[in-house]
Amino acid sequence: MTTSTAAATVRTRVHVPLSFSDGYQATAEVITFNGLADGAEHIALVLGDPAATATPLVRLHSECLTGDVFGSARCDCGPQLREATERIAATGGVLLYLRQEGRGIGLYNKLDAYALQDAGLDTYEANTALGLPEDARDYTAAAQMLTALGITELDLLTNNPDKAGQLRDLGMSVTRTVPTGVHSTPSNLRYLHAKVQHTHHTIALAPMAILAG
């Protein structure tokens, strides 16, 4: 893991009104960047006033077409995105929407992995059965984006210890990690259980939910 990042610069800033299916609304300043390490079209959504606190609340949210757009109940991505938007808007901070579908393996590979999960593998076993990394995500671009926005110290909204670890290795000061809520459904309990057991996500699953996974 690198310990420093090349500079990225802000490309465009535009205000976009957001409206969710449950009626929640917010306005985000959507920012694009030049010079990101992976060349992907990641965006930052600035919500509320990040300057109102020394440690703005930040979430690194990996794109999930099935969950974010179509409301798939196989994961908790859509509800996490909705929750993060409101929590960050309330305190001031930034939501980084990162183009890392399927933990970085891409949409088609993710759907292939779903088919293997239907045959009995968990989410990590399915990725490796396809000859792919369990988690291919690298957060160098995320650190570049935050630095370009003048944020080097932050609270991180996440259940995933790898996100905080990578950001710290990249020179960011993560003051604390803040877990998201638990967004369990009968269709995603096994998925959530795998994240807790395999990669130590801080998801407070009830005992019966863990057994059901």
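This text follows the structure it describes.
Residues numbered from 1 in each chain as written. Predicted model: local features only at pLDDT ≥ 70, side-chain atom pairs only at ≥ 80, totals over all residues. Heavy atoms only, no water.

## Side note on the overall build of the protein chain
Link 1 in the chain: Along its length, the protein chain carries nine helices and seven strands.
Link 2 in the chain: Out of the 213 residues in the protein chain, the part that is buried amounts to 47%.
Link 3 in the chain: A fraction of 62% describes how many contacts in the protein chain between residues 6 or more apart in sequence connect residues 24 or more apart.
Link 4 in the chain: A total of about 10000 Å² of accessible surface is found on the protein chain, and carbon and sulfur atoms cover 54% of it. (Helix = DSSP H or I, 4+ residues; strand = E, 2+ residues; numbered from the N terminus. Buried < 20%, exposed > 50% of the residue type's maximum accessible area, 1.4 Å probe, protein only. Contact = heavy atoms within 4.5 Å. Areas by Shrake-Rupley, 256 points an atom, 1.4 Å probe, with all protein chains shown as cover.)

## A look at the sheet that holds strand β7 (residues 173–178)
Link 1 in the chain: One open sheet holds the seven strands; their spatial order is β1-β2-β3-β5-β4-β6-β7, and the pairing between them is mixed. The strands lining the two open edges of the sheet, one partner per strand, are β1 (9–19) and β7. Mean inter-strand twist for the sheet, computed between neighbouring axes without regard to direction, equals 30°.
Link 2 in the chain: Relative to strand β5 (residues 93–98), strand β3 (residues 43–47) runs antiparallel, the two being bridged by five bridges. (Pairing = 2+ DSSP bridges. Axes fitted to C-alpha atoms, helices over the stretch in contact; angles between N-to-C directions.)

## Remarks on unusual backbone geometry
Where the residue is not glycine, phi is negative for most of them; where a peptide bond is considered, it is trans in most cases.
Link 1 in the chain: Here R103, not a glycine, exhibits a phi torsion of approximately 55°, which is positive.
Link 2 in the chain: In this structure, R103 sits in helix α3 (residues 101–104).

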